[in-house]
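Structural characterization, general
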Amino acid sequence: MATTGATTAIDEENAILRRAPAEIQEMSGVFEQRTADAAGRIGELAVPRSGVTVETPALMPVVNPHVQTIAPARLEDEFGAEILITNGYILSQSEDLREAALSAGLHDLLDFSGAIMTDSGSFQLAEYGDIEVTTPEILDFQYEIGSDIGTPIDIPTPPDVGRDRAERELSTTQERLERTHEVETDEMLVNAPVQGSTYPDLREDAGRHARGTGLDVFPVGAAVPLLNAYRYDDMVEIVTAAKRGLGTGAPVHLFGAGHPMMFALAVATGCDLFDSAAYALYARDDRYLTVRGTEKLAELDYLPCECPICVAHTPEELRALDDDERERHLAEHNLYVSFGELRRIKQAIRRGNLLELVEVRARGHPAMLDGYRALLDHADRLERADPASKDAFFHLSAESARRPEVRRHHDRLERLVPEGHVLLTEGGENSQYDESWRVVPPFGPFPRHLSETYPLTAEVPERTDRESYEAAAAGIARLANANPETAFTLAHRDWPASALEGVPGRVATIPLESMDEYDAAGETDQ
Ligand SMILES: [Zn+2]
């Protein structure tokens, strides 16, 4: 066909028009954050190839194309799954499914109308040392079968390996991410896995590099060995490091995380996507998921759950079922619990009490407590993401004293300028002083007119803990050090010595009982 100058110009214009949606998408991103709490957020992941929007945090049930414990259509209709994940590599190697996937497409093959993410065979590579496919080949296959979110072949470097190996494997992963641009992926989103073993600086570099590739979704990889060993504190460290590099706008998938007991912690750390193979794998093994840990069906006298399976059966009845039916029932229970916990987390984010939910979960298992404490080690980062105003602050444990809201109040104290002789008191106002501020552990001092503002409306226990008094003392120190010209007196209710030691020497301290003798009648206790 002859090519005139005019048709070339039209072709160019058409090419630009075809490109335009992708470019606009890249500018606005496919992920939008709606509501935030701690580093957790409710967001929307736009999946253009299927034209669906997935609300995050989202759970992707893993569907084994050969063994469907629960049919994908049921995952969608009965459990509310908006997205699932299946293995593109297994499909590409399967004699009976490969052609069907190519001709019918993944959505018809699996009978699922939501978004479908495909994995690449990285797991098989790590497991067997070698696979028969390159990144451009497997990515092209994922595109051809209609995947919504494809994955290149990264190298999942396990925890605790030598630094040389972690660096070498990370650079291979990064080369492969760059090669994804050789493949025509059109509207298919592409995962950019973040590796780096247990080295926070490598995870951060990997995050920055992954974000720089312009790819779309960011799985934090090789977390499974940490999760299997209940190393939730290390999980928090690698996710936090990856997010420092990725920035807050990137959707993060905690790859391989499917146990509901750690969803709240992982969401509060900033994870948006989870994948559960656990619901089926645990069921096959007669294990029963709960938000407090895993139970063995053989050891249960009661079913501690309100889902339809547990309401309709006793443990005895479940044990009496044949293997397939028992596995399916347990898988259904496991899914109900997992999706239920995600709804609870989303409601907590809306309400602004996600950290309270994490505290409750942290009481379910000592390893979760370690994870929560590791999260609070990063309270400064949480403070930047955390909204300034929420419903209420519940002080539930010694860890509450380290929450980002306390840190933010202490930062604010440095900017307040009281004058003259200021009484900081756990009691009522006293006219003998120029100003009379309230003191509430763990926040410390504040002017009375702020009493009705968040987080000073906090519900705190009367029998509070040492950490709470110590945090209040730290707040007094911040205020006193910022105001060297002002005289301060602290009237306290029997604070422990460790807290009083944190109060600067130039702040006079007196027990509140001796203060009460001076209180004039008619003065109000707020
Ligand atoms: Zn149940």
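Each chain carries its own residue numbering, running from 1 in the direction its sequence is written. Totals for whole chains, interfaces and linings use all residues, but because this is a predicted model, local features are given only for residues with pLDDT of at least 70 and pairs of side-chain atoms are given and counted only at 80 or more. For the side-chain quantities, the full set of heavy atoms in the structure was used; hydrogens and water were omitted.

Right, let's get into the coordination of the zinc ion. Protein ligation of the zinc ion involves Cys305 (SG), Cys307 (SG), Cys310 (SG) and His333 (ND1), the donor distances falling in the range 2.1 to 2.3 Å. In this listing, donors mean N, O and S atoms no farther than 2.8 Å from the metal, or 3.2 Å for Na, K and Ca; water is missing from the atoms, so a site can look incomplete. Angle rules define the geometry names used: all angles between 85 and 135 degrees makes four donors tetrahedral, while opposite donors over 155 degrees apart and all other angles between 65 and 115 make four donors square planar and six octahedral, leaving every other case irregular. Given 4 donor atoms and angles of 99 to 120 degrees at the metal, the environment of the zinc ion is assigned as tetrahedral. All donors of the zinc ion come from a single chain, and their spacing in sequence reads C-x1-C-x2-C-x22-H. Taken together, the residues Cys307 in the loop between strand S13 (293-296) and helix H14 (308-312) and His333 in helix H16 (residues 323-351) connect sequence positions 26 residues apart. Note on conventions: DSSP H or I runs of at least 4 residues are helices, E runs of at least 2 residues are strands, and numbering of each starts at the N terminus.

Partly exposed residues are those whose accessible area sits between 20% and 50% of the maximum for their type, while under 20% is buried and over 50% is exposed, using a 1.4 Å probe and protein chains only. Side chains Leu273 and Asp275 of strand S11 (residues 273-276) all project onto a buried face; the interleaved residues Phe274 and Ser276 project onto the opposite face, where all are buried too. At least two DSSP bridges between two strands are required for those strands to pair. Bridge analysis of strand S4 (residues 58-63) against S11 gives 4 bridges, and the strand direction is parallel. Among the inter-strand pairings, Leu59 is bridged to a residue of S11, identified as Phe274. The sheet contact formed by strand S10 (residues 252-254) and S11 spans 2 bridges and is parallel. Of the residues in S11, the one forming a bridge with Leu254 is Phe274. Each parallel crossover has a hand, and for S10 linked through helix H12 (residues 263-269) to S11 it is right-handed. A clockwise course of the path from the first strand over the helix to the second, judged with the strands pointing away from the viewer, identifies a crossover as right-handed.

Within strand S5 (residues 83-87), 5 of the 5 residues are buried, which leaves the element mostly enclosed by the surrounding structure. Alternating positions in S5 separate into two faces, Ile83, Ile85 and Asn87 on one and Leu84 and Thr86 on the other, with burial throughout. Where S4 meets S5, 2 bridges bridge the pair, whose relative direction is parallel. Residue pairing across strands places Val62 opposite Ile85, the latter belonging to S5. Pairing of S5 with strand S6 (residues 115-119), which is carried by 5 bridges, proceeds in the parallel orientation. Within S6, the residue paired with Leu84 across the bridge is Ile116.

Attention now moves to the side chain of Ser400. Locating Ser400 in the fold gives a position in the loop between helix H19 (379-385) and helix H20 (404-413). With relative accessibility at 0%, the residue Ser400 sits in the buried group. Two residues form a contact once any of their heavy atoms are found within 4.5 Å. Every residue in contact with Ser400, bar those within four places of it in the chain, is listed here: Glu359, Phe393, Phe394, His395 and Val406.

For the rest of this paragraph, the subject is the confidence of the model for the protein. In this model, the protein carries a mean pLDDT of 91, and residues with pLDDT of at least 70 account for 93%. When the criterion is pLDDT under 50, residues 1-28 qualifies, and its contacts beyond four places in sequence or with other chains add up to 4 contacts. Summary of the metric used: pLDDT quantifies the predictor's per-residue confidence within the range 0 to 100. Segment residues 520-526 is flagged for pLDDT under 50; beyond a separation of four residues in sequence, or across chains, it makes 11 contacts in the model.

Right, let's get into a nonpolar patch on the surface. Together, Val360, Phe394 and Leu396 make up an exposed nonpolar region whose accessible area comes to about 270 Å². Examined against the element boundaries, Leu396 turns out to sit in the loop between H19 and H20. Like charges are joined within 9 Å and nonpolar side chains (Val, Leu, Ile, Met, Phe, Trp, Tyr) within 5 Å, but only among residues with over 30% relative accessible area and no salt bridge; these make up the patches. Throughout, the Shrake-Rupley method with a 1.4 Å probe supplies accessible areas, and for residues the shown protein chains are the sole cover considered. The term salt bridge refers to a side-chain nitrogen of Lys or Arg lying within 4 Å of a carboxyl oxygen of Asp or Glu.

Throughout this description, the term nonpolar core refers to a set of buried Ala, Val, Leu, Ile, Met, Phe, Trp, Tyr and Cys residues connected via side-chain atoms within 4.5 Å. One finds Leu75, Met235, Leu254, Met262, Phe274 and Ile345 to be the most contacted residues of the largest nonpolar core, which totals 102 residues. Considering each element in turn, this core owes the most residues, 9 residues, to H16. Dropping the residues within four chain positions of it, Leu254 is found in contact with Val220, Ala223, Met235, Val239, Met262, Ala266, Cys271, Leu273, Phe274 and Asp275. With 17 residues, the next largest nonpolar core counts Leu413, Leu479, Ala499 and Val507 among its residues.

Right, let's talk about the side chain of Ser122 for a bit. Looking at the element boundaries, Ser122 is found in helix H6 (residues 122-128). In the analysis that follows, any N or O atom pair within 3.5 Å is treated as a polar contact, provided that within protein one partner can donate a hydrogen and the other can accept it, and provided that, for residues neighboring in sequence, both atoms belong to side chains. Within the local environment of Ser122, its side chain forms a polar contact with the side chain of Ser120, the two groups lying 3.0 Å apart. Within the local environment of Ser122, its side chain forms a polar contact with the side chain of Asp154, the two groups lying 2.6 Å apart. For Ser122, the contacting residues outside a window of four places in its chain are Pro152, Ile153, Asp154 and Pro156.

Quick look at the sheet that holds strand S15 (residues 435-440) now. Ordered in space as S16-S15-S14-S17-S18, the 5 strands form an open sheet in which the pairing is mixed. In this open sheet, the two strands that pair with only one neighbour each are strand S16 (444-446) and strand S18 (508-511). Looking at each pair of strands side by side, their axes are set apart by 30 degrees on average, direction ignored. Taken together, the 5 bridges between strand S14 (residues 421-425) and strand S17 (residues 487-492) define a ladder with parallel strand orientation. Within the sheet, the bridge partner assigned to Val422 lies in S17 and is Phe488. Each axis is a line fitted through C-alpha atoms, taken for helices only over the stretch in contact, and angles between the N-to-C directions span 0 to 180 degrees. Relative to S16, helix H21 (residues 466-482) is tilted by about 50 degrees, and along the sheet it contacts S14, S15, S16 and S17.

The subject of this paragraph is the sheet that holds strand S2 (residues 40-47). Taking strand neighbours across the sheet as the criterion, the 3 strands line up as S1-S2-S3 in an open arrangement whose pairing is antiparallel. Only two strands of the sheet have a single neighbouring strand rather than two, namely strand S1 (31-37) and strand S3 (52-56). Recorded for the sheet is a direction-independent mean angle of 15 degrees between the axes of neighbouring strands.

Here the focus is the packing of helix H17 (residues 354-362) against helix H18 (residues 366-376). One can describe the packing of H17 onto H18 by two numbers: an axis separation of 8 Å at closest approach and a directional angle of 145 degrees. Every residue of H18 that contacts H17 at Leu355, Val358, Glu359, Arg361 and Ala362 is listed here: Met368, Leu369, Tyr372 and Leu375. Among the residues making up the contact of H17 with H18, the classes are represented as 7 nonpolar, no polar and 2 charged. Any residue that is not Ala, Val, Leu, Ile, Met, Phe, Trp, Tyr, Cys, Pro, Asp, Glu, Lys or Arg is counted as polar, Gly included; the first ten are nonpolar and the last four charged.

A separate point is helix H9 (residues 200-212). Across its 13 residues, H9 extends 18 Å between first and last C-alpha, which sits within 8% of the 18 Å expected from 1.5 Å per residue. Listed as buried for H9 are Leu202, Arg203, Ala206, Gly207, His209 and Ala210. Along its buried surface, H9 packs onto helix H8 (163-179), strand S9 (218-220) and helix H11 (232-246). Positioned one or two residues after H9, Gly214 has a phi angle of 80 degrees, which is positive. Expected span of a helix, by definition, is 1.5 Å for each gap between consecutive residues, and there is one gap fewer than residues.

The next subject is the pattern of salt bridges. Applying the stated rule across the entire model yields 37 salt bridges. Among the salt bridges present, the one from Glu169 reaches Arg165, with a minimum N-O distance of 2.9 Å. Of this pair, Glu169 and Arg165 both sit in helix H8, 4 residues apart, which is roughly one turn of that helix. Overall, Glu169 belongs to the buried group, its relative accessible area being 13%. Among the salt bridges present, the one from Glu332 reaches Arg328, with a minimum N-O distance of 3.6 Å. Placement of the pair is Glu332 and Arg328 together in helix H16, with a separation of 4 residues, close to one helical turn.

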